[in-house]
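Spelled out, the chains give:
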Amino acid sequence: MERIVIRGGRPLRGGLPVSGAKNAALPIIAASLLARGETTLRRVPQLQDVRTMCAIVAQMGMAVSWKGCDELLLTPQTHQPKDAPETLVRRMRGSVCVLGPLLAVRGRARLALPGGCVIGPRPIDLHLKGLQALGADFQVRRGSVLGRAVRLRGARVNMRGPRGSTVLGTANVMMAAALAQGRTVIEHAAREPEVQDLAHYLNACGACIQGIGSRTLTIDGVAELHGSTHELIPDRIEAGTFLVAAAITGGRVRLEGARRDHLIALAEELTGIGVKLDWQDDAVDVRVPGRLAPVRLSTESYPGFPTDMQPQMTSLLCVAPGLSRVDDRVYPERFTHLEGLKAMGARVAVRDGQIAIEGGAALHGATVTAHDLRAGAALVVAGLAAEGTTTIYGVEQIDRGYENLEAKLRGTGAEVWRESVSGAERRPA
Ligand code: EPU
């Protein structure tokens, strides 16, 4: 067991590089199951979730090897099992995106059902509905879903759910439709950059997907896909987390490798509260010239403000004088960061299902626990701003989505390090 320790209160100064996107890597590694040839992925982040997805496809008959530190080679083998390894699948909700590829190429898929998680219920009804429209049959039994498909056929599918369009649901249907017979039209498709990246990868493998980035995707099924080489997009949530880290410490940071077009909603909110962003080609300079202002914001599907930046933004608003309100419309129960923030002196509460933040608090160090990935990121950025020492447990959550986090932050002068914790020192959950 490990913990991250931060001696906070110093402005970050210097450059921060952005890694490849975790949420693009996961479905694209799953999609490599569709291709007959080898897939080479570039700019792949070394993260726990990526390693889990690699282990899943490895058990599904894919030879997985790394070349250098960020290139991944995925080579199909002749032995091709149909059931996804249960313990690995249960470990990570993102593993649901092997469902579409397995049905498309192996005609059968058994998957342990990803249950709810600490950020709220996460059903997969829309995934199943979409794949059923293409001709798959599902039986849900004893915590597993068993899918069968003799022949997938193109259909009209709607991916809109009660909380916006489903990201991995759209990915699953798109992957299955790539090899289905005839034309599939996905209405209310998720437009997240990671879904677009998946579509570009599939097209590079010979798929025929049109309307990428729009609400309507048209997919003409092809007989087979070949391998290809693809470079992942930069991680907009890691980039956003670093923008917030720079702002909350009143620092001056150059973020390298971020894409402006993927960060528009976040950049608008940051600019609105007084953070200055100067964009160059693929870098952005961030600083805070004056006092921060409060805001009311809601998360939405892309291109709206991302739910995966809600916890980190909440941390930032804790130091912005005035009353802010945050309404997470994608995950209305995403609150697990609030307990840690309160322990650090933040004045935050849940009112009418929204987060109310009485800003302007002077944060101080505390011992806190990351209960999920982005909650962990929120505690790290708060710890960077807090006076004194912050100790964060639950580091394995943070490792799911941030590559070399402490080393990157240390490059901007942050005092942050990782310690092993012996049994006697373990903090109770
Ligand atoms: N939903 C349904 N039915 C479904 C699927 C989703 O009602 O069948 C609801 C969910 O309960 C939620 C909303 O729709 O309220 C959006 O869920 P979505 O399906 O879009 O989420 P996801 O595809 O499972 C991905 C990311 C999440 C990110 C969400 C929303 C990956 C691997 N995961 O999840 O990332 O929060 O989209 O943008 O791409 C993270 O990286 O920390 C993370 C949680």
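A. Local environment of the sheet that holds strand β22 (residues 354-359). Spatial strand order, β19-β20-β22-β21: 4 strands in an open sheet with mixed pairing. The strands lining the two open edges of the sheet, one partner per strand, are β19 (296-299) and β21 (347-351). In this sheet, adjacent strand axes meet at a mean angle of 20° when their direction is disregarded. The pairing of strand β20 (residues 322-328) with β22 spans 5 bridges and is classified as antiparallel. Counterpart to Ser324 in the pairing with β22 is Ile357. Along the sheet face, helix α10 (residues 310-318) touches β19, β20, β21 and β22 and points at about 25° away from the line of β22.

B. Layout of the nonpolar core. Counting 74 residues, the largest nonpolar core has Ile29, Val98, Met174 and Leu202 as its most contacted members. Ranked by size, the runner-up nonpolar core spans 68 residues in total, among them Ile248, Val348, Ile357 and Ala382.

C. Quick look at the site of the ligand. Taken together, 24 residues form the shell around the ligand, and within it Asp125, Leu126, Thr166, Asp308 and Val330 come nearest. Here an oxygen atom of the ligand sits 3.1 Å away from a polar atom, N or O, in the side chain of Lys22. Tyr331 is positioned such that a nitrogen or oxygen atom in its side chain is 3.2 Å from an oxygen atom of the ligand. Considering the ligand on its own, with 820 Å² of exposed area, one finds that the protein chains cover 93% of that surface. Residue assignment for the shell around the ligand shows that the elements contributing at least two residues are α1 (22-31), α5 (125-133), α6 (167-178) and α12 (373-385). The class makeup of the residues in the shell around the ligand is 11 nonpolar, 5 polar and 8 charged.

D. Local environment of helix α9 (residues 264-272). Among the residues making up α9, those that are buried are Ala265, Leu266, Ala267 and Leu270. Here the buried face of α9 lies against α8 (236-248), β17 (276-279) and α10. With its phi angle positive at about 110°, Gly274 sits one or two positions after the end of α9.

E. Examining the packing of α5 against α6 more closely. At a minimum axis separation of 8 Å, α5 and α6 run at an interaxial angle of 20°. The angle between the axes of α5 and α6 places the two elements in the roughly parallel class. For the pair α5 and α6, the crossing hand works out as right-handed. Where α5 approaches α6, its residues His127, Gly130 and Leu131 are matched on the opposing element by Leu168, Gly169, Asn172, Val173 and Ala176. Of the residues assigned to the contact of α5 with α6, the class counts are 4 nonpolar, 4 polar and no charged.

F. The arrangement of the packing of α8 against α12 in detail. Between α8 and α12, whose axes approach to 8 Å, the crossing angle comes to 25°. Here α12 runs roughly parallel to α8, going by the angle between their axes. For α8 against α12, the interelement crossing comes out right-handed. Residue-level contacts link Ile237, Thr241, Val244, Ala245 and Ile248 of α8 to Arg374, Ala377, Val381, Ala382, Leu384 and Ala385 of α12. Per-class residue counts for the contact of α8 with α12 are 9 nonpolar, 1 polar and 1 charged.

G. Main features of the pairing of strand β18 (residues 283-287). Sheet topology note: the strand β16 (residues 252-256)/β18 ladder contains 5 bridges and is antiparallel. The residue of β18 that forms the bridge with Arg252 is Arg287. As consecutive antiparallel partners, β17 and β18 are separated by 3 residues.

H. The arrangement of the environment of Gly257 in detail. Here Gly257 is to be found in the loop between β16 and α9. Judged by relative accessible area, Gly257 falls into the buried class, the value being 13%. Note: C-alpha distance between Gly257 and Ala176 (81 residues apart in sequence) is 32 Å. With near-sequence residues (within four places) excluded, Gly257 lies in contact with Val18, Arg43, Pro234 and Asp282.

I. How the structure looks around the sheet that holds β17. Strand order in the open sheet formed by 4 strands is β2-β16-β18-β17, with mixed pairing between adjacent strands. In the strand order of this sheet, the two ends are held by β2 (13-17) and β17, each with one partner. Neighbour-to-neighbour, the strand axes of the sheet open up by a mean angle of 20°, direction not taken into account. Sheet topology note: the β2/β16 ladder contains 5 bridges and is parallel. The residue bridging Leu16 from the neighbouring strand is Leu255, located in β16. Against the sheet, α8 contacts β2, β16, β17 and β18, and its axis sits at roughly 170° relative to β16.

Criteria and cut-off values
- Within each chain, residues carry numbers counting from 1 in the order of the written sequence.
- Given that the model is predicted, a residue must reach a pLDDT of at least 70 before its local features are reported, and side-chain atom pairs must reach 80 or more before they are shown or counted; all residues, however, enter totals for whole chains, interfaces and linings.
- Side-chain descriptors were evaluated using all non-hydrogen atoms of the structure, hydrogens and water having been removed beforehand.
- Whether two strands pair comes down to DSSP finding at least two bridges between them.
- Secondary structure elements follow DSSP: runs of H or I of four or more residues count as helices, runs of E of two or more count as strands, with numbering from the N terminus.
- Between N-to-C directions, angles span 0 to 180 degrees; the directions come from axes that are lines fitted to C-alpha atoms, helices contributing only their stretch in contact.
- We call two residues contacting when some pair of their heavy atoms lies within 4.5 Å.
- Take the buried residues of types Ala, Val, Leu, Ile, Met, Phe, Trp, Tyr and Cys, join any two whose side-chain atoms come within 4.5 Å, and each joined set is a nonpolar core.
- Under the scheme applied here, a residue whose accessible area is under 20% of the maximum for its type counts as buried, over 50% as exposed, and between as partly exposed, the area being computed with a 1.4 Å probe on protein chains only.
- Near residues are defined by distance, with any heavy atom within 4 Å of the molecule or strand qualifying the residue.
- Contacts described as polar in this section are N or O atom pairs within 3.5 Å, which, within protein, must combine one atom able to donate a hydrogen with one able to accept it, while residues neighboring in sequence count only if both atoms come from side chains.
- A 1.4 Å probe and the Shrake-Rupley method give the accessible areas. Residues count as covered only by the protein chains that appear here.
- Gly is placed with the polar residues, together with every amino acid not listed as nonpolar (Ala, Val, Leu, Ile, Met, Phe, Trp, Tyr, Cys and Pro) or charged (Asp, Glu, Lys and Arg).
- Any angle from 65 to 115 degrees is called roughly perpendicular, while one under 35 is roughly parallel, one over 145 is roughly antiparallel, and all others are oblique.
- In this scheme the handedness of a crossing depends on how the near helix is turned from the far one: anticlockwise by less than a right angle means left-handed, clockwise means right-handed.

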